[in-house]
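Residue-level listing of the chains:
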Amino acid sequence: MLPNEDKVSVLLLLLSSFNAGDAFVNKRFSSHLLVTGGVVLRRANNVRSVLTMNEWVDEVTTDSSDRMSKSVESVVSNLSTLRAGRPSAALLDRVMVDYFEVETPLIQLASVSVQSGMSLVVSPYDKSAIGDIERAIMESDVGMMPNNDGEKIRLNVPQLTEDRRKELVKDAKRLREDGKIAIRNIRRDAIDTLKKLGKDKDFGISEDNEKDATKKIQEIHDKYVKQVDEVVAKKEKDILTV
């Protein structure tokens, strides 16, 4: 057996003679190169290392789990912008402002505070942008009419009507579906990667290993889909609670 350093040297020499079909590159795992001979050459941040087949499969599942977790975090973050009960500065987190022809989050252009329990005050860092911020709020789905005094924008947060609560529940359901689609897409990418590994005649991943890894990916998928369902169900309950 060659030491890992020698393996890397040999693989680097071999790479120059490979055709496009001899190397496997997946767009979701583009920092890795799969080469023939049962080992993987990983190149990331100019650091090279050799991965065994089992290590590669572990990397696919770990990467998928990390990305699915981030999808859940995104759903939670977006749900915080839907009002349930008392107003919160987070209600404006998803408002995008056309700032010098660049779509910019409002929260990067102004501070947002809650005043008097039922109103929000938006204080732009750049006063010249106050008109753009006002327009963005009016065109958003926050359901509030801005009052611009030239220095700050005040938003009176109305009491939630039954119809408005129903609209917010629909928004929550849409965010749930968006989160699930993102998680399903990650599962699809991972399974496609495993299938390509299984088809590489020299790489050595067995059919059983492929099935076990695919099962693990499905279990990870189910776990995060359940988390999305739980956080959305809680938000819906909060929205409908009078």
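The text that follows walks through the structure, step by step, so that each part is easy to find. (Residues numbered from 1 in each chain as written. Predicted model: local features only at pLDDT ≥ 70, side-chain atom pairs only at ≥ 80, totals over all residues. Heavy atoms only, no water.)

### Things to note about unusual backbone geometry
Part 1: Backbone geometry at phenylalanine 100 places phi at a positive 50°, although glycine is not the residue there.
Part 2: For phenylalanine 100, the location among the structural elements is in the loop between β4 (96–99) and β5 (102–105).
Part 3: In this structure, glutamate 101 is a non-glycine residue whose phi angle is positive, near 65°.
Part 4: You can see glutamate 101 is positioned in the loop between β4 and β5.
Part 5: Given a relative accessible area of 77%, glutamate 101 falls into the exposed group. (Helix = DSSP H or I, 4+ residues; strand = E, 2+ residues; numbered from the N terminus. Buried < 20%, exposed > 50% of the residue type's maximum accessible area, 1.4 Å probe, protein only.)

### Some details on the pairing of β5
Part 1: Examined bridge by bridge, β4 and β5 share four bridges and lie antiparallel to one another. Among the inter-strand pairings, valine 97 is bridged to a residue of β5, identified as threonine 104.
Part 2: The hairpin formed by β4 and β5 contains two residues between the paired strands, and phenylalanine 100 there has a positive phi angle of roughly 50°. (Pairing = 2+ DSSP bridges.)

### Some thoughts on the packing of helix α4 (residues 162–199) against helix α5 (residues 207–240)
Part 1: Two elements in contact, α4 and α5, have axes whose closest approach is 10 Å; the angle formed by their N-to-C orientations is 170°. It follows from the interaxial angle that α4 and α5 lie roughly antiparallel.
Part 2: Across the contact of α4 with α5, the residue classes tally to 15 nonpolar, four polar and 10 charged. (Axes fitted to C-alpha atoms, helices over the stretch in contact; angles between N-to-C directions. Parallel < 35°, antiparallel > 145°, perpendicular 65-115°, else oblique. Nonpolar A, V, L, I, M, F, W, Y, C, P; charged D, E, K, R; others polar.)

### Let's talk about the packing of aromatic side chains
Part 1: The full count for this structure, using the stated rule, is one aromatic pair.
Part 2: Ring centres of tyrosine 99 and phenylalanine 100 lie 4.8 Å apart, and the angle between their planes is 70°; on these two criteria the pair is classed as edge-to-face.
Part 3: Residue phenylalanine 100 is classed as exposed on the basis of its relative accessible area, which comes to 63%. (Phe/Tyr/Trp six-rings, centres within 6.5 Å; stacked < 30°, edge-to-face > 60°.)

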